[in-house]
Every structure is written in C-alpha cells, then in structure tokens.
Amino acid sequence: YMTFALGLILFSIYKLNESLISVLVPNRNPTESIVNTIYNQRFLRRGPKIVVIGGGTGLSTLLRGLKEYTGNLTAIVTVADDGGSSGVLRRELGVLPPGDVRNCIAALADAEPLVTKLFQYRFSDGSGLAGHSFGNLFIVAMSGVVGNFEDAIRQTSRVLAVRGQIIPSTLSNVTLMALTEDSRTLKGESMIGSAHNGTSDAGRIKEVYLEPHNPPAHPEAVRAILEADLIILGPGSLYTSVMPNLLVEGIKRSILASSAPKVYICNVATQHGETDGFDVSAHVSVIEEHVGKHSIN
C-alpha cells in the first residue's frame, strides 16, 4: 500500500507539473526540454522592440525570421488592398481587407503547423468560395462576433498564439490613388500594380496618395513606432505595400520623430508595373519624397 500511495503521489505531482507548464508555457515543443523552453521565452521577451512596416508576402517572410530573435515585434500593415479575396470581402461586406493581416498572423503564430496551414488554406472551387482563404473568412467572421476589425485581429492572434502584435496603420476605409507622369489618375492598389507596361516613362507613377485624405493613424501603431528600438520598412511592393502605410500622416510623423534607426529592406528585383528600371537609390528616393529627406538611416 505504501508503494502504491507513493507512486500515486508522484504521478499526481507529475500531472500537476504538466498542467502548470501547459498554462505557463503554451504551445511548447514536446521534444524540447522545459528549461530550454523557459529560457527561450525569457530571451525573446527581453529582445529589442522592432517595428516592421509594409504588407504582402515580403512582410510576413521577414516576420517569420525575426520572431526567432525577439518577442517584441509589431507589424504595421496596410489596409489599402482591394484585389483578390480581400477585395471581394471589402466590397461585399464593407470590412477592412484582411489579407495582409492574415499573412502576418500565420507568420507569427506559435500554433501547430497544421493550424497555420488551415489558416492559409485557399478554396479552389465552390460557388462564392473559390479564391477565398480560410483565414480571411475567419477574421471577417471574428469581426462580426467581437464587433470590430481591431478586436478581431487581437482575438485571432490570441487563438493562434501569435508572437508579437499586428496593427493596421489606420482603421479608415482608404483607397490608394496614383498620379502618373502622363497625368492619368489610377484608383486602387490592384489598378496601380497593372497599369504601367514598363515600355516608356510616360506611364510611370509620379505620386501616390490616399483617399480620403489624412486618415487618422492607429494610436497603438504610433505608440509602437515611438517606443521602437528599430524600425524596418519593407520588403514588399514599393507603391502598393510600403507606401500606403507611410501616407498616413500620423505614421509618417512618428517615424520622423522616432530616434530609432530606420532601415529599408529593398526588394531583390524590380516589380513590373511599379518599379521598372529602379535601382536601390530610386526606391529610397520615392520614400524620401513622400516622407522626408534623410528619413531612412
């Protein structure tokens, strides 16, 4: 009886310890020791505060690497997307486009790989479903449940154990506009990316701006920029992923006011329809023309 009682006590302690660990260290890799897991979490919590500004797949790729070095990550994403699944949901339901947010959540999630794959799954057929990703529909549904897009991001991030935070640059329903060298006005991110054929300078983008003008910046985005140890712009499409964030006046002012180093990660290749013939300095010049001289270190 004594041996049985002792065994039962030890088993109870083991299960209690396992329960406490599952609460304190959720989504732990079962093959990794608890000591290493706790050390890594403490290491990440003490990491530098890094703000990454952009959109598209470039931003999510960068976040996937950075999350291994710090848990103090903030992704500031554009809400000007009007193409694909996001564009359809935006037009039909009047919601902010969830695509860039979805990519960042998937990149920063500590959930099981299968859950992340599910979040990125895109329906290939079905009336009304074809082209939509499960993650986009999930975020939109969450918006309906909790009442707004901002809380939907927060709750979705909690469900998927996101490392860091994702913040829209503005909560306003903005449209990206562009003025070309031949005085044409292009409306919408998808139109800007496909209007120029790259054969002449006449159709090159001269200026980009948002409608409505001067949308308010998200306060948490401004706070994150002002508290950052490092600010990274890009990688991503210059005019349709990076610039829409910088056109929000509050974001631009906070970047200029911040004492943190500002780094621009340029795409490794030019993008047809946007940056044909650009070198790195041409990319930087566009940002400085819209934000201010010497805004990038």
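Look up a bit, the structure's there.
Right, let's walk through the structure included here.

The rules behind each value
- Residues numbered from 1 in each chain as written.
- Predicted model: local features only at pLDDT ≥ 70, side-chain atom pairs only at ≥ 80, totals over all residues.
- Heavy atoms only, no water.
- Helix = DSSP H or I, 4+ residues; strand = E, 2+ residues; numbered from the N terminus.
- Buried < 20%, exposed > 50% of the residue type's maximum accessible area, 1.4 Å probe, protein only.
- Contact = heavy atoms within 4.5 Å.
- Areas by Shrake-Rupley, 256 points an atom, 1.4 Å probe, with all protein chains shown as cover.
- Phe/Tyr/Trp six-rings, centres within 6.5 Å; stacked < 30°, edge-to-face > 60°.
- 1 Å grid on protein atoms, 1.4 Å probe; cavity = no way out; pocket = protein on both sides within 12 Å on 5 of 7 lines; lining within 4 Å.
- Points joined across faces, edges and corners; volume = space filled by probe spheres on them.
- Nonpolar A, V, L, I, M, F, W, Y, C, P; charged D, E, K, R; others polar.
- Patch = residues over 30% accessible without salt bridge, like charges linked within 9 Å, V, L, I, M, F, W, Y side chains within 5 Å.
- Salt bridge = Lys/Arg side-chain N within 4 Å of Asp/Glu carboxyl O.
- Arc of directions from axis to C-beta.

Another point: the overall build of the protein chain. When you go through the protein chain residue by residue, the secondary structure sums to 13 helices and eight strands. The buried share of the protein chain, taken over its 297 residues, is 46%. Intrachain contacts of the protein chain at a sequence separation of at least 6 include 68% that bridge at least 24 residues. Summed over its atoms, the accessible surface of the protein chain is roughly 15,300 Å², and 57% of this surface lies on carbon and sulfur atoms.

With that out of the way, let us pick up the packing of aromatic side chains. One pass over the full model with this rule turns up three aromatic pairs. Ring geometry for Phe 119 versus Phe 138: centroids 5.8 Å apart, planes at 70°, classification edge-to-face. On the criterion of sequence distance, the pair formed by Phe 119 in helix H6 (residues 113–120) and Phe 138 in helix H7 (residues 134–146) is long-range, its members being 19 residues apart. On the basis of relative accessible area, Phe 119 is assigned to the buried category, the value being 3%. Given the relative accessible area of 26%, Phe 138 is considered partly exposed. When the ring of Phe 134 is compared with that of Phe 138, the centres are 6.0 Å apart and the planes differ by 45°; the resulting orientation is tilted. Remark: Phe 138 and Phe 134 occur in helix H7; sequence separation between them is four residues, near one turn of the helix.

A word on the layout of surface pockets. In this approach, a probe sized like a water molecule rolls over the atoms, and the result shows the empty space that is left. Estimates place the volume of the second largest pocket at around 320 Å³. Along the wall of the second largest pocket there are 24 residues; nearest its centre are Gly 56, Thr 57, Asp 81, Asp 100 and Asn 103. Within the residue set of the lining of the second largest pocket, elements represented by two or more residues are helix H3 (56–66), helix H4 (84–93), helix H5 (99–108) and helix H11 (238–246). Ranked by residue count, the leading element in the lining of the second largest pocket is H5, at four residues. Of the residues belonging to the lining of the second largest pocket, the class tally is no nonpolar, 18 polar and six charged.

Attention now goes to a nonpolar patch on the surface. A cluster of nonpolar residues, Leu 6, Ile 9, Leu 10 and Ile 13, forms a patch on the protein surface that exposes about 400 Å² of accessible area. Positionally, Ile 9 belongs in helix H1 (residues 2–24). Among the residues examined, Ile 9 registers a relative accessible area of 47% and is labelled partly exposed.

Our next topic: helix H12 (residues 249–257). Taken together, the buried positions of H12 are Ile 251, Lys 252, Ser 254 and Ile 255. The buried residues of H12 occupy one face: seen down the axis, they fall within an arc of 165°. Counted as exposed and oriented over 90 degrees from the buried face of H12: Arg 253 and Ala 257.

This brings us to the pattern of salt bridges. Under the defined criterion, the tally for this structure stands at seven salt bridges. We note a salt bridge from Glu 150 to Arg 154, for which the minimum N-O separation is 3.7 Å. With a gap of four residues between them, Glu 150 and Arg 154 both fall in helix H8 (residues 149–159), about one helical turn apart. By relative accessible area, which is 23% here, Glu 150 ends up partly exposed. Between Arg 184 and Asp 182 there is a salt bridge whose closest N-O contact spans 3.3 Å. Asp 182 gets classed as partly exposed once you look at its relative accessible area, which sits at 35%. Among the ionic contacts, a cluster of salt bridges with common partners joins Glu 150, Asp 151, Arg 154 and Glu 220.

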